[in-house]
Structures are given as C-alpha cells and as structure tokens.
Amino acid sequence: MNEMSMSERRTRYPGPIAQAGVHPHGLIARGFAEDAALAALLDRYPADLFDINLYDYDDEGQVSLRTGARGRLDGGQLLEAIQQGRLWVNLRNVETGWPELWAAAMAEFRTVEAAYPGLKAVKNAGQLILSSPKARVPYHFDAAGVVLFHLRGRKRIFVYPGDEAHLAEQDMEQVVARQTTEELPYTLAFEGDAQVVDLEPGQALTWPLYAPHRVENLDRFCVSLSMDFQTWPSRFRNGALYTNAVLRSRGGSPRQTDRMGPGELALRWAASLGLKRTGALKSRIAHIERQFEPQVGVADGAGALKA
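Residues numbered from 1 in each chain as written. Predicted model: local features only at pLDDT ≥ 70, side-chain atom pairs only at ≥ 80, totals over all residues. Heavy atoms only, no water.

Caption draft 1: Structural context of unusual backbone geometry. Positioned with a positive phi, N93 is a non-glycine residue whose angle comes to about 60°. Its place among the elements puts N93 in the loop between β4 (88–92) and α4 (94–97). Of note, D219 is a non-glycine position whose phi angle comes to about 65°, a positive value. Along the polypeptide, D219 turns up in the loop between β11 (213–217) and β12 (222–230). (Helix = DSSP H or I, 4+ residues; strand = E, 2+ residues; numbered from the N terminus.)

Okay, structure coming up:
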C-alpha cells in the first residue's frame, strides 16, 4: 500500500483499512431481521448475554448511561418495547447464540476481508444489535476491527480520526484493561472531523482499527450484526495497551504503542498474558448495577426494575 497522509488514512495505526468504507452484503434475503425471527430469538436467548442500554445526552453531547436487565417479557413483547422506546440492545456471542446467522455472516465477512489485501482475521466474534428508532450510541471505540452488517432500518455513523487528539492512548488503555466502558471523552468540536455514512439495509461498514465513532438511528427500528475481528497485529497492540495500563497504575510512564515497532509490541503482548493470569488489574465493569427492565408502553421502553 502506498503511504497516505493522516487526512487520507484517518488513523495513526497501521493496517489495510485506511478509512470508513461501505460494502454490499446478502444477508437480507435470509429473513434474519424479520419480526417473527427476532421475537423467537429473544425468547430463547440466554439472559446473561443481553446488554440493554439507555443513553441520555446533554446539550454539549455528554452522555450518561443507564443499564437494564432482561426482565420477564416474552420475545414478542420485548421486541415491541424496543421498537417503541429508546433502547439499545446487544445480544452477545451470536456465534453460539444464532449459528445460522453467524455462518451466513462469516461467508459475507470473507468477501469483505478479501477487499483489503493483507487483512487476515484470526478470531471473529459478534453481537446482534436491536435498537429503537431514536436510539443513539455515544462516542467510543472498539478494541478490535469491526464490520457492521446492517439488516434493517437506517443508521448514520460518524467515524473520527484515530489520532491522539480524538483517541488518547491513556483512555484506550483503560478500556482494554476493563477499568472503564468503551465511551471516550468527547467534545462537539470533533464534529467537523467526522466522516459521515448513512447506512442502508444490505450494506456493511468497515472503518480503521480503533477509529472512534458514534451512531444515530434515523427514526426507524434498526437491526445490525456487529462483527469484531482480531488480527495478530491488533492482538499484539491490545496486549501492549494492557501492559501499559498496568505499568501506569503502578506509577510508570510507558511509551505509547504507536511509537513501538512490531518486536516491542509482541514483547508487551507476551507480558500482558502473564499479567492477566496473575490478576494484575481487576475489572471495574464486571458487575454493573441494573437500573430498569424493558416494558411496553412506558417512556423510553424502560420500566421499573422488578425484584
């Protein structure tokens, strides 16, 4: 690949995906996003694999998060609550929770992967996202590559540069080490730097590794499959970020990973394996207090949490 400027690459990290790109996919015709299929899925999906979030924003775009529990609604009622409210529901581990969808999505992923010479995923995982018509996801990053397969509704995705100003490595360390959730510090001034993509059903979106992004639904109930993928370079960098987080927690001032070569990144990754085995940093997000459960016909689709 020819060298590109930061404005062309949109990230300071190496890799074959330089900026957001749209690709076609063929998952729509399989009926995965239809109401009957989704209601049946919600009925059988394990409750511990649900992430149910409700985001509130102030005039400066700063976010506060409320988290929900699965609750007692049947699949059809839960789907109705999502379609009426302002909820963002992630069904984790789709690779085991809905094998038929996952097999079809992996075939589509191979086509996307082939569009980027040098891209080689060594591990894939996914979550099915069901989100209310007016739901919004705050400014955040994923510690993996992502292909977002859009199946229903319309989404607007804002993808920002992966430089230190938009994506500080100390914040990345905290996320990778599970000391905080994926949300990043945000200011409205970032909006002039966004690459904006309106995503329609049948389209898949890629973006550079770690690129900060946020999402707005465009007044329709939305269904997407978010597929994470790791490569060996991303594994090495994530390990280095974890090791740096441990060093920083002990008073160190480690070098940023974008100043490290492949050998140093690999050594930091190897160190991270031992640090994780010994529990060097305990997760601070393993047990988040639930504040509501979905309910049909109430504000935002969020009802009182039942004992």
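Caption draft 2: Seen up close, the pattern of salt bridges. Counted by the stated rule, this structure contains 17 salt bridges. One salt bridge in this structure joins R12 and D258, with 3.0 Å as the shortest N-O distance. In this pair, R12 is assigned in the loop between α1 (6–9) and β1 (21–24) and D258 in the loop between α7 (232–249) and α8 (262–277), connecting sequence segments 246 residues apart. Its salt-bridge partner being E293, residue K306 comes within 3.8 Å of it at the nearest N-O pair. Of this pair, K306 sits in the segment after β14 (302–303) while E293 is found in strand β13 (residues 293–294), placing the two residues 13 residues apart along the sequence. (Salt bridge = Lys/Arg side-chain N within 4 Å of Asp/Glu carboxyl O.)

Caption draft 3: Broad picture of the side chain of K155. Checked against the element boundaries, K155 lands in strand β8 (residues 155–159). Summary of buried charges: K155 has no salt-bridge partner, and the nearest side chain of opposite charge, E216, is 11 Å away. Here the side chain of K155 touches N217 through a polar contact of 3.2 Å, side chain to side chain. (Buried < 20%, exposed > 50% of the residue type's maximum accessible area, 1.4 Å probe, protein only. Lys, Arg positive; Asp, Glu negative; His and termini not counted. Polar contact = N/O pair within 3.5 Å; in protein donor to acceptor, adjacent residues only side chain to side chain.)

Caption draft 4: The arrangement of the pairing of β8 in detail. Summarising burial for β8: four of the five residues are buried, a large majority. Relative to β11, β8 runs antiparallel, the two being bridged by five bridges. For K155, the partnering residue across the bridge sits in β11 and is N217. (Pairing = 2+ DSSP bridges.)

Caption draft 5: Spatial organisation of the sheet that holds β8. Read across the open sheet, the four strands follow the order β6-β11-β8-β9; overall the sheet is antiparallel. Two strands lie at the open edges of the sheet, namely β6 (136–140) and β9 (195–199), each paired on one side alone. Neighbouring strand axes in the sheet, compared pairwise and without regard to direction, differ in orientation by 15° on average. Where β8 and β9 come together, five bridges link them in antiparallel fashion. In the strand pairing of β9, F158 is matched with V196. (Axes fitted to C-alpha atoms, helices over the stretch in contact; angles between N-to-C directions.)

Caption draft 6: Region of interest: the packing of aromatic side chains. Inspection of every chain in the model, using the stated rule, returns 12 aromatic pairs. Taken together, a centroid distance of 5.3 Å and an interplanar angle of 75° make the contact between Y13 and Y210 edge-to-face. With Y13 in the loop between α1 and β1 and Y210 in the loop between β10 (203–206) and β11, this residue pair connects regions lying 197 residues apart in the sequence. Accessibility assignment for this pair places Y13 and Y210 in one class, buried. Here the aromatic rings of F236 and W269 are separated by 5.1 Å at their centres, their planes lie at 55°, and the arrangement is tilted. Here the residue F236 occupies a position in helix α7, and W269 occupies one in helix α8, the gap between them amounting to 33 residues. Members of the aromatic cluster, each reached through a chain of ring pairs, are Y139, Y160, Y186 and F190. One residue, R235, lies across the ring of W232, its end atom 4.9 Å from the ring centre. Geometry around Y242 places K276 over its ring, the cationic atom sitting 5.1 Å from the centre. (Phe/Tyr/Trp six-rings, centres within 6.5 Å; stacked < 30°, edge-to-face > 60°. Lys NZ or Arg CZ within 6 Å of the ring centre and 35° of its normal.)

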